[in-house]
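Residue strings, one per chain:
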Amino acid sequence: MTPHGTRAGEDAEDLDVEEVLALVNNSNDLPGPAERGETDNRRASGRPDTSPRPGTRHHATSWPEARAIAERAARNTARAARRRPVSVPLEAALGLTLATPLDALTDLPSFDTSAMDGWAVAGPAPWDVRDDGVLAGHAAHEPLTDGEAVRIATGARIPPDTTAVLRSEHGRTDDKGRLHATRDVVPGQDIRPRGQECRSGDQLLPVGTLVTPAVLGLAAAAGYDSVAAVPRPSAEVLVLGDELLTEGRPHDGLIRDALGPMLPPWLRALGAEVTAVRRVRDDADDLHRAITTSDADVVVTTGGTAAGPVDHVHPTLRRIGAELLVDGVKVRPGHPMLLARITETQHLVGLPGNPLAAVSGLLTLAEPLLRTLAARPAPEPYTLPLRDAVHGHPHDTRLVPVVLRGDQAVPLHYNGPAMLRGIAAADALAVVTPGGAHAGQEAELLDLPWASGGIGVCFT
Ligand SMILES: Nc1nc2c(c(=O)[nH]1)N[C@H]1C(S)=C(S)[C@@H](COP(=O)(O)OP(=O)(O)OC[C@H]3O[C@@H](n4cnc5c(N)ncnc54)[C@H](O)[C@@H]3O)O[C@H]1N2
Ligand code: MOO
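Owing to the predicted nature of the structure, the values given are computational and were not obtained by experimental measurement.

K.L.:
I'm lost on the overall build of the chain in this one. Help?
P.N.:
Across its full length, the chain holds 11 helices and 28 strands. Long-range contacts, defined here as pairs at least 24 residues apart, represent 71% of the contacts in the chain between residues at least 6 apart.

Structure below.
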């Protein structure tokens, strides 16, 4: 066995590496011959063979190419549908993308402003202090003459002919009521001059900027009530499977639907507006009806992508004459994932039913599709060294949940296709290229939305 985990002589197509690892490798040890034996035993003991559908591999797309296809598909649709910018009130704009540059509608600050509480002073000390004061938001004060000072609050307008602002802690009043400075007064000190941050008309942010809380603040400061933004693409989730329960504990061969609760907030974090989550029985006509009556930009199905007796996704796509853009991806988990153009302006992302495989499909196909439809900037790719070796698939990319600790990515266990225990504790997914990675090797990382942007930014 090489350190990369590729084992000589094994049947690559039959190897379901991540399942083996997750089930047998609960330490950082690399699996040895005993574990390999267990794999064979499990297969021999009648466990379903999860090797790819016959006929699937030859058109499976490489992982990087699948992402590029999803991005291109969205770009073509964005043009076809002429997705128009909309004017969105600031309170509804978080998470959208600016469709026009954010140009200042005013100078900032829009008047000479006191940066501190204290006195506006004119000329050299000492100063006679006027009886009135200047507060933020109040009318302009009359000009000062040399030898005069007036109480001023932070944010208040500077009276004409002011030399500087003296902070309250740097002033002392003598017994005749005259104000002295306890340190040198530099002309202009603690005055924020009009236009210091920008002039009216200056570009503050370019087209394509993601509207974050800070962008909302800047837009408001610069005079905006609403911004021109690219609308969120709509997404509808169709959860397939008769075995799924929506509440309570699993029983009698029925299991809880893990994807119905997980996908809507995640899709929203990726830029979509989720318009509905529907549960669809394992029935070809029901699925046909659900897909053909959806008006969402992106229909996301879960389950039914493989070749089982009730896997209706492929037959339904054939029935409606959809164009399969991606039919299987060389990635583990999740290789049966698919992307289809179902109408001129609509796409369908078929996520495999195994929950971590569904996450893999979400980040491989839905992320670039939705990001491009939402006109969001692509995240800057980055790599970190892996703390531990990660087994590779001989031919396919692996996506492995990791936590980021210091400047290393630490691979997590419980990363089998049917498991969410690893991803629920993860900060990112490491992209492990075919053949695997040794300890210390750099791997590209896909940040998870809660790790990169914080729940508040990403999920609203
Ligand atoms: N003969 C083959 N069988 C399978 C293959 C294959 O290539 N040939 N691929 C395996 C792989 S890999 C995956 S992944 C799954 C994909 O299956 P489907 O997309 O058809 O999904 P289902 O069969 O409906 O479900 C698979 C698994 O996931 C569970 N599931 C489904 N939906 C949910 C949900 N919402 N929440 C929780 N769990 C869910 C379901 O009960 C099954 O256990 O196919 C393999 N088989
Ligand atoms: O391995 Mo499946 O795609 O369970 O990932």
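Here the narrative resumes.
K.L.:
Sorry if this is basic, but what is going on with the domain arrangement of the chain here?
P.N.:
Interface size is commonly expressed as the accessible surface area that is lost when the partners come together. Here the chain is described as being made up of domain 1 (12–51 + 379–458), domain 2 (86–107 + 197–230), domain 3 (113–192) and domain 4 (232–373). Centre-to-centre separation of domain 2 and domain 4, based on C-alpha positions: 34 Å.

K.L.:
How should the site of ligand 1 be read in this particular structure?
P.N.:
Neighbouring ligand 1 are 27 residues; Gly303, Thr305, Ala306, Pro352 and Gly353 lie closest to it. Here the residues of the shell around ligand 1 sort into 13 nonpolar, 10 polar and four charged.

K.L.:
Got a minute to help me understand the sheet that holds strand 22 (residues 338–343) in this structure?
P.N.:
Two modes of strand pairing occur in sheets, parallel and antiparallel, and in both the strands are linked by backbone hydrogen bonds. Across the sheet, six strands lie side by side as 18-15-19-23-22-20; this open sheet has mixed pairing. The two strands at the open ends of the sheet, each matched to only one other strand, are strand 18 (273–280) and strand 20 (323–327). Pairs of neighbouring strands in the sheet enclose a mean axial angle of 20°, with direction left out of account. Strand direction decides the pairing type here: strand 15 (residues 234–240) and strand 19 (residues 298–302), joined by five bridges, are parallel. Note that in strand 19 the partner of leucine 238 across the bridge is threonine 301. Each of strand 19, strand 20, strand 22 and strand 23 (346–351) touches helix 8 (residues 355–373); the most contacted strand, strand 23, lies at about 165° to it.

K.L.:
Would you mind going over the sheet that holds strand 3 (residues 97–98) with me for this structure?
P.N.:
Across the sheet, which stays open at both edges, the three strands sit in the order 2-14-3 with antiparallel pairing between neighbours. For this open sheet the edge positions go to strand 2 (86–89) and strand 3, each flanked by a neighbour on one side alone. For strand 2 and strand 14 (residues 226–230), the ladder comprises four bridges, and the chain directions are antiparallel. Its bridge partner being in strand 14, valine 86 is matched across the sheet by alanine 229.

Thresholds applied
Residues numbered from 1 in each chain as written. Chains lettered and ligands numbered in written order. Predicted model: local features only at pLDDT ≥ 70, side-chain atom pairs only at ≥ 80, totals over all residues. Helix = DSSP H or I, 4+ residues; strand = E, 2+ residues; numbered from the N terminus. Contact = placed C-beta atoms within 7 Å. Domains from an automatic or database assignment. Near = placed C-beta within 6 Å. Nonpolar A, V, L, I, M, F, W, Y, C, P; charged D, E, K, R; others polar. Pairing = 2+ DSSP bridges. Axes fitted to C-alpha atoms, helices over the stretch in contact; angles between N-to-C directions.

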